[in-house]
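Reading the structure
Okay, here's what each chain looks like letter by letter:
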Amino acid sequence: MVEDVFKNVQVMKGIPVNQFMDTMGFFSAALGLNCTGCHVAESLQNLEKFAEDIPRKRMARNMIRMVDEMNRANFGGRRALTCYTCHRGTQVPETIPSLMEQYTVPPEDANRIEIVPDGPAQPAADQILDKYILALGGAQRLASLTSYVARGTIEGYDTYHVKVPVEIYARAPRQRTMVSHTQNGDTVTVFDGQAGWIAAADKPLPLLPLLPGPELDAARLDADLGFPGGIRQALTQWRVGFPVTSIEDEEMNIVQGIGAGKSRFKLYFNAKTGLLARQVRYADTPVGIVPTQVDYSDYREVAGVKMPFHIVITWTDGQSDIQLTNVEPNVAIDAAKFAKPAAAVVKPRAARNQ
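Let me begin by describing the structure that accompanies this report.

1. Re the side chain of Gln293
Take Gln293: it is sitting in strand β12 (residues 288-302). Judged by its relative accessible area of 17%, Gln293 is buried. At 2.5 Å, the side chain of Gln293 and the side chain of Asp295 are in polar contact.

Rendered as structure tokens:
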């Protein structure tokens, strides 16, 4: 639990570390700040410094209490209001109407499109998923792909926005491991088909289990999408009925499904090609729901099956850009690759530039 790992936690006790970090991401999105917006700058070099109080952190505690009380007093305890309701990405809520917003049409955020009453029932979910399987190469070719090892680069906040090597090991059914060789040490994410872990030098603990619910659901779907011939079984309660929307001027068909841990996913399929363009998934925190977006592009054929070579993962406190350069299909992979990883070890400073 968070109070076992961090000091001076006062209003967010009793939740797992993973969920606590998602909550910090929610604050970041709501206020448009990074970690040092509410913590002292020295925190980035010394985790103990995150415990120090500054006025903005004390104000954040008061805001959490205020929003909770407003929801209890006015909405029967339902989370109708969150930090984002008023702040919407700014440190100070706006009090004066914006004429520019009123008289211009902002770009449409495809992630905000939701099922509407009497929404379009066609194409049906089965039709969209069938077109996806056909676009990838067809059920027979998909079934012939049983494993692969992919190599390329990854860049993001934890790599100081420098490209570093990455490998993905995948084996059917639904086993997947990703290893990023960052400057501070390897980051390893494993899903063995049922359980999952992340070992990373930049996490509050060097080894964290993926928790039941959104975390395991996300890992399971990512593994299933590596061998998408069985995509119908990856989620349940498939639904359509979304208004027409687009991503980068390409019309999308959206299908919604529910994971085994009851978390919600939206899958965006290119209406013309049938290929998966985006996945959006949602995780709950004590202060609000946080989304994670995964974009897929640069599809190339591997052993007769189209696979995305460019994957961008975006969440409320980070983004990772993965560009694959090589995928080896149907290779033998040691079972140890999908076992619980060792705790992350911080690379000695002298070795980081080698």
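2. Some words on the nonpolar core
Counting 40 residues, the largest nonpolar core has Tyr148, Ile231, Phe269, Met307, Ile322 and Val327 as its most contacted members. No other element matches the seven residues that helix α6 (residues 125-136) contributes to this core. Among residues more than four places away in sequence, those in contact with Val327 are Tyr148, Val149, Ala150, Val302, Met307 and Phe309. In terms of nonpolar packing, the next biggest core, distinct from the first, is built from 23 residues, Phe20, Phe26, Phe27 and Leu208 among them.

3. Side note on the pairing of strand β13 (residues 305-315)
Burial within β13 is extensive, with eight of its 11 residues counted as buried. When β12 meets β13, the two strands line up antiparallel, connected through nine bridges. Paired with Gln293 across the two strands is Thr314, which belongs to β13. Connecting the antiparallel pair β12 and β13 is a turn made up of two residues, with Ala303 showing a positive phi of about 55°. Bridging between β13 and strand β14 (residues 318-329) involves six bridges; their strand directions are antiparallel. Residue pairing for β14: Val312 is matched across the bridge by Asp321. Here β13 folds back onto β14 in antiparallel fashion, the turn holding two residues.

Thresholds applied
- Residues numbered from 1 in each chain as written.
- Predicted model: local features only at pLDDT ≥ 70, side-chain atom pairs only at ≥ 80, totals over all residues.
- Heavy atoms only, no water.
- Helix = DSSP H or I, 4+ residues; strand = E, 2+ residues; numbered from the N terminus.
- Buried < 20%, exposed > 50% of the residue type's maximum accessible area, 1.4 Å probe, protein only.
- Polar contact = N/O pair within 3.5 Å; in protein donor to acceptor, adjacent residues only side chain to side chain.
- Core = buried A, V, L, I, M, F, W, Y, C linked by side-chain atoms within 4.5 Å.
- Contact = heavy atoms within 4.5 Å.
- Pairing = 2+ DSSP bridges.

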